[in-house]
Amino acid sequence: MTTVPAPSVIKVMVVDDHPLVRVGIATVVNQQSDMTIAAEAESGPRALELFRQHRPDVVLMDLRLHGDSGIRVTKAIRAEFPKARILVISNYDGDEDIHQALAAGAMGYLFKSVVEDELVDAIRETNAGRSYLPQGVAARLSENKNEVQLTRREDE
């Protein structure tokens, strides 16, 4: 009798200073058979501590945290764990915010207005090592490429 290995579950960590946002994301993630919430953090220092402890597959990182920046926290995690897969999720849709997030090492960028299906697709893409940007954002960034020079990673 051949045994089929169980599919691996994607461990997700949510970093957001708003409890209701964390609960909403956790609800969506935990409804997926291939995902689970491994940790939730409300601040940068706590995010780094929980990343070290749980080693999540994907981090959903808010851009603005009370007294801290998701950009700074992304850089700190990536400095210590270069293969960390971080997906920024934010209310801010400015090109500069997106550029900064990608330059800090985020693999993608989502807006908090995202629908559930796109959120879980983005998590799966990021977990697979692929970058993720919402439809239209990649094209907009490419159009504005002359204004702000993208790194090779951002261009990908």
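Above: the structure in question.
Given the structure is predicted, the values throughout are model-derived calculations rather than measurements. Just so you know, the residues in each chain are numbered from 1, in the order the chain's sequence is written. Restriction of local features to residues with pLDDT of at least 70 applies here, the model being predicted, together with a cutoff of 80 or more for giving and counting side-chain atom pairs; totals for whole chains, interfaces and linings are based on all residues. Side-chain figures throughout are based on the complete set of non-hydrogen atoms in the structure, without hydrogens or water.

> Hey, could you run me through the overall build of the chain in this one?
Secondary structure elements are taken from DSSP: a helix is a run of H or I of four residues or more, a strand is a run of E of two residues or more, and numbering for both begins at the N terminus. Regarding its fold elements, the chain presents seven helices and seven strands. Relative accessibility under 20% of the residue-type maximum defines a buried residue, over 50% an exposed one, and the middle range a partly exposed one, all with a 1.4 Å probe and only protein chains included. Looking at the chain as a whole, 45% of its 156 residues are labelled buried. Taking as baseline every contact in the chain between residues at least 6 positions apart, the subset at least 24 positions apart corresponds to 66%. The Shrake-Rupley method, run with a 1.4 Å probe sphere, supplies the accessible areas, and residue values consider only the shown protein chains as cover. With an accessible surface of roughly 8500 Å², the chain has 49% of that area assigned to carbon and sulfur atoms. The contact rule is simple, with two residues in contact once any of their heavy atoms fall within 4.5 Å.

> Sorry, what's going on with helix 1 (residues 19–30) here?
Multiply 1.5 Å by the residue count of a helix minus one, and that product is the helix's expected span. Under the 1.5 Å per step criterion, the end-to-end length of helix 1 is 16 Å for 12 residues, consistent within 8% with the ideal 16 Å. Residues R22, I25, A26, V28 and V29 constitute the buried set of helix 1. With its buried residues spanning 165° around the axis, helix 1 presents them on a single face. Exposed and facing more than 90 degrees away from the buried side of helix 1 are P19 and L20. An arc is given here, and it is the one of the directions from the helix axis to the C-beta atoms.

> Where do I start with the sheet that holds strand 3 (residues 58–61) in this structure?
Picture the strands of a sheet paired through backbone hydrogen bonds; they go either parallel or antiparallel. Two strands pair under a simple rule: DSSP has to find at least two bridges between them. In spatial order, the strands read 2-1-3-6-7; together these five strands make up an open sheet with parallel pairing. Looking along the sheet, the strands with just one partner apiece sit at the ends: strand 2 (35–41) and strand 7 (108–111). Mean inter-strand twist for the sheet, computed between neighbouring axes without regard to direction, equals 25°. On the sheet, helix 1 packs against strand 1 (10–15), strand 2, strand 3 and strand 6 (86–90) and is oriented at approximately 160° with respect to strand 2. Axis definition: a line fit to C-alpha positions, over the contact stretch in the case of helices; interaxial angles, taken between N-to-C directions, run 0 to 180 degrees. The sheet contacts of helix 4 (residues 95–104) involve strand 6 and strand 7, and relative to strand 7 the element is tilted by about 140°.

Purely spatial values, then, with no claim about function.
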